[in-house]
2 protein chains.
Amino acid sequence: MASHCDERRRNRNMNIGFIGTGVMGKSMAGHLMAAGHRLFVYTRTKAKAAELLERGADWRDSPAELAEDCEVVISIVGYPSDVEAIYLGDGGIVEHANPGAYLIDMTTSSPSLARRIHAAAAARGVHALDAPVSGGDVGAREARLSIMVGGDRAAFEAMRPIFAAMGKNIVLQGGPGAGQHTKMSNQIAIASGMMGVCESLAYAKKAGLDPSVVLQSIESGAAGSWSLSNLGPRIIAGNFEPGFYVKHFIKDMKIALDSADEMGLELPGLALARTLYERLSDAGFAEKGTQALYKLFED
Amino acid sequence: MASHCDERRRNRNMNIGFIGTGVMGKSMAGHLMAAGHRLFVYTRTKAKAAELLERGADWRDSPAELAEDCEVVISIVGYPSDVEAIYLGDGGIVEHANPGAYLIDMTTSSPSLARRIHAAAAARGVHALDAPVSGGDVGAREARLSIMVGGDRAAFEAMRPIFAAMGKNIVLQGGPGAGQHTKMSNQIAIASGMMGVCESLAYAKKAGLDPSVVLQSIESGAAGSWSLSNLGPRIIAGNFEPGFYVKHFIKDMKIALDSADEMGLELPGLALARTLYERLSDAGFAEKGTQALYKLFED
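Residues numbered from 1 in each chain as written. Chains lettered and ligands numbered in written order. Predicted model: local features only at pLDDT ≥ 70, side-chain atom pairs only at ≥ 80, totals over all residues. Heavy atoms only, no water.

### With respect to the nonpolar core
Counted only if it meets this: Nine residue types can take part in a nonpolar core, namely buried Ala, Val, Leu, Ile, Met, Phe, Trp, Tyr and Cys, and a core is a set of them joined through side-chain atoms within 4.5 Å. The rule is simple: take the accessible area with a 1.4 Å probe, protein chains only, and divide by the maximum for that residue type; under 20% is buried, over 50% is exposed, in between is partly exposed. Numbering of helices and strands runs from the N terminus; a helix is a DSSP stretch of H or I covering at least four residues, while a strand is a stretch of E covering at least two. What makes two residues a contact is simply this: any of their non-hydrogen atoms within 4.5 Å.
Counting 89 residues, the largest nonpolar core has Y277 of chain A together with Y203 and Y277 of chain B as the members making the most contacts within it. If you list the elements that add at least two residues to this core, you get α10 (178-206), α11 (211-218), α14 (246-262) and α15 (268-285) of chain A together with α10 (178-206), α11 (211-218), α14 (246-262) and α15 (268-285) of chain B. Apart from the residues within four sequence positions on either side, Y277 of chain A is in contact with M194, V246, F249, I250, M253, T290 and L293 of chain A.

Laid out in structure tokens, this is it:
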């Protein structure tokens with residue numbers, strides 16, 4: 001009988017508030033509606049919510065109003081400052097959340113901010129999870145995101161069906177902030193890796209090789225990486241459209257460097273990558289994809 | 001009929017000289033013997049050739065004597081200075097090679113030196129190919145090396161059956177030096193990639209995460225790489241044995257930086273990786289595997 005009740009609880013439909021309906025958020029919120037939940041939406045630019053509203057989502061005029069109507073609030077917005085404002089600011093989610101509600105920030109944001117939100121929520125009897133994702137717009141569209149979660153295990157287990165509607169690789173990484181720390185580990189590996197990919201292909205080009213033939217020799221061995229196999233061909237084709245925006249990657253690297261600094265950890269590869277990406281952004285490539293780093297090495 | 005004759009030529013057994021029977025060379029030479037070729041061996045430390053000599057290989061006392069008895073000479077030695085000495089020095093291979101012979105240097109060495117050897121050989125009616133490999137001792141043992149070849153197409157095609165006895169992914173990358181340039185592209189991608197892997201795992205550890213659980217979240221996505229999936233678990237287990245030696249990687253990075261410098265190309269990621277690896281070597285880790293870079297980020 002217990003398992004029957006658990007099953008019913010897991011599958012029951014909930015009132016879910018969703019804040020931030022950009023490229024990622026729109027797909028993710030759509031999966032939650034498809035799973036049968038009632039969706040409430042708030043986003044800074046209402047036009048971006050139009051598709052969800054047409055599908056039957058309810059609009060709310062502020063994070064506070066949204067929080068008051070929902071048992072789960074999910075956010076995926078831009079910068080840590082946005083996260084701080086909607087959760088901890090005047091009229092913020094934490095202040096207006098119902099006791100026992102679940103707050104899930106899926107923005108890539110600061111681990112220390114995630115801990116502050118968790119503490120403020122806990123003080124009001126509200127659960128908070130940090131749950132950034134990887135997998136990009138395609139992963140969001142296909143509900144195949146990797147979701148890295150920090151927070152209390154009971155809250156994580158309660159929200160597992162919600163996560164499962166949006167992603168595949170769902171892992172509780174530890175207490176509050178651990179999801180964000182894991183996402184930082186992800187971005188740190190990517191940052192220096194992209195330098196390697198771009199320098200490798202720039203060297204090949206400069207040496208007079210055919211970079212696509214070079215890929216045949218190197219991509220299946222020790223030099224192989226997701227970036228080399230997925231972004232290498234775009235670089236070779238001269239395609240620098242995003243994928244993942246340079247400006248967003250710079251934001252993430254700043255969070256990672258600040259966080260490492262708080263822990264007293266030096267990351268020279270990451271620091272160099274950030275310097276190069278800022279140079280790239282200054283040169284007018286902020287709105288291009290991360291593979292545009294290659295541009296710095298071209299003649 | 002032509003195809004029958006081609007077939008016979010491709011499969012006929014040859015006198016092959018092999019110089020450098022270290023971990024890699026021993027396996028590679030063994031495959032050539034297994035394929036039916038008569039093997040002649042010279043190596044600086046005769047003890048390292050003992051196993052091949054027991055299996056029936058013939059010893060020669062110098063590169064010159066070896067070259068005089070062979071139609072193909074293959075080398076895989078330590079440093080560009082070694083390659084230069086055995087090919088272009090007094091009593092060197094080029095001077096003593098038979099007209100029409102094939103000289104194949106499989107050492108990871110300098111692209112410009114490869115071009116000089118090719119030119120000196122061509123002046124004597126001798127073919128030269130540069131053909132460095134990736135895949136390590138396991139790839140050598142299992143005849144699954146990736147072989148990156150530079151030189152003339154006819155020479156490459158003539159030697160294809162020889163390469164096929166030692167490797168799987170055999171690609172002519174261009175003219176003389178193109179094999180070495182390709183290997184440099186490989187090492188450049190690895191160098192910054194290893195910084196990313198080590199910094200990522202060091203950050204995870206410092207943040208109090210379980211790095212092996214972090215791998216579950218990040219290794220299948222955009223942060224994924226051969227290094228993360230293959231060397232990450234060794235780092236986590238505290239296993240810093242080689243694999244690929246720090247001291248050899250430093251050699252390769254120096255060649256790549258010198259070569260980039262000759263071409264007027266700046267590679268800041270590679271330059272930083274070399275600085276860090278030299279610091280690691282100075283700290284006593286020259287004989288460890290490349291994943292020991294992680295040690296620099298530990299408390």
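And the narrative resumes.
### Some words on the packing of aromatic side chains
All names here are of chain A. Short version of the rule: When two rings of Phe, Tyr or Trp (its six-membered ring) have centres within 6.5 Å they constitute a pair, described as stacked for plane angles under 30 degrees, edge-to-face for angles over 60, and tilted for the intermediate range. Charge-over-ring contacts are defined here by two conditions on Lys NZ or Arg CZ: a distance within 6 Å of the ring centre and an angle within 35 degrees of the ring normal.
Under the defined criterion, the tally for this structure stands at ten aromatic pairs over all chains. Centroid distance F244 to F249: 5.9 Å. Interplanar angle 70°. Geometry classified as edge-to-face. Clustering of aromatic rings is evident, with ring pairs tying together F244, F249 and Y277. Residue placement shows K251 over the ring face of Y79; its charged tip is 5.8 Å from the ring centre.

### Section: the pattern of salt bridges
Residues and elements named next belong to chain B. Cut-off, in case you're wondering: The term salt bridge refers to a pairing of a side-chain nitrogen on Lys or Arg with a carboxyl oxygen on Asp or Glu at a separation within 4 Å.
Considering all chains together, one arrives at 28 salt bridges over all chains under this definition. A salt bridge links R144 to E142, with the shortest nitrogen-to-oxygen separation between them at 2.5 Å. Overall, the relative accessible area of 42% leaves E142 in the partly exposed class. One salt bridge connects D258 with K254, and the closest N-O pair in it is separated by 2.7 Å.

### Re the confidence of the model for chain A
Residue and element names in this part refer to chain A. Here is the rule we go by: One confidence number per residue, pLDDT, is output by the predictor and ranges from 0 to 100.
Across chain A, the average pLDDT comes to 95, with 96% of residues at 70 or higher. Within the model, the stretch residues 1-9 combines pLDDT values under 50 with zero contacts to residues more than four positions away or in other chains. With pTM at 0.95, the complex prediction returns an ipTM value of 0.96.

### Looking at the relation of the copies chain A and chain B
What counts, and what does not: Least-squares fitting of one copy onto the other uses the C-alpha atoms of those residues that reach a pLDDT of at least 70 in both copies.
It takes a turn of 180° to lay chain A on chain B, together with a shift of 0.0 Å along the axis; the resulting RMSD is 0.0 Å. Accordingly, the operation relating the two chain copies is best matched by a two-fold axis. Most of the interface of chain A is mirrored in chain B, where 98% of its interface residues again form contacts.

### Description of the side chain of S146 of chain B
For clarity, the cut-off: N or O atoms within 3.5 Å of each other form a polar contact, as long as, within protein, one can give a hydrogen and the other can take it, and as long as residues adjacent in sequence are counted only when both atoms are side-chain atoms.
Within the secondary structure layout, S146 of chain B lies in strand β8 (residues 145-150). At a separation of 3.0 Å, a polar atom in the side chain of S146 of chain B contacts the main-chain carbonyl oxygen of S217 of chain A. At 3.4 Å, the side chain of S146 of chain B forms a polar contact with the side chain of N169 of chain B. Beyond its immediate stretch of four places on either side in the chain, S146 of chain B contacts S217 of chain A together with P132, V133, S134 and N169 of chain B.

### Focus: the packing of α14 of chain A against α15 of chain A
Residues and elements named next belong to chain A. Inclusion rule: In this description, a line fitted to the C-alpha atoms serves as the axis of each element, helices being fitted only across the stretch in contact, and the angle between N-to-C directions of two axes falls anywhere from 0 to 180 degrees. Our angle categories are set so that under 35 degrees counts as roughly parallel, over 145 as roughly antiparallel, 65 to 115 as roughly perpendicular, and the remainder as oblique. Here is the rule for handedness: rotate from the far helix to the near one, and if that takes an anticlockwise turn smaller than a right angle the crossing is left-handed, while a clockwise turn gives right-handed.
Two numbers describe how α14 lies on α15: the axes approach to 10 Å, and their chain directions differ by 150°. Comparing their axes, α15 and α14 come out roughly antiparallel. For the crossing formed where α14 meets α15, the hand is left-handed. Where α14 approaches α15, its residues V246, F249, I250, M253, K254, A256 and L257 are matched on the opposing element by L270, A271, A273, R274, Y277, E278, L280, S281 and F285.

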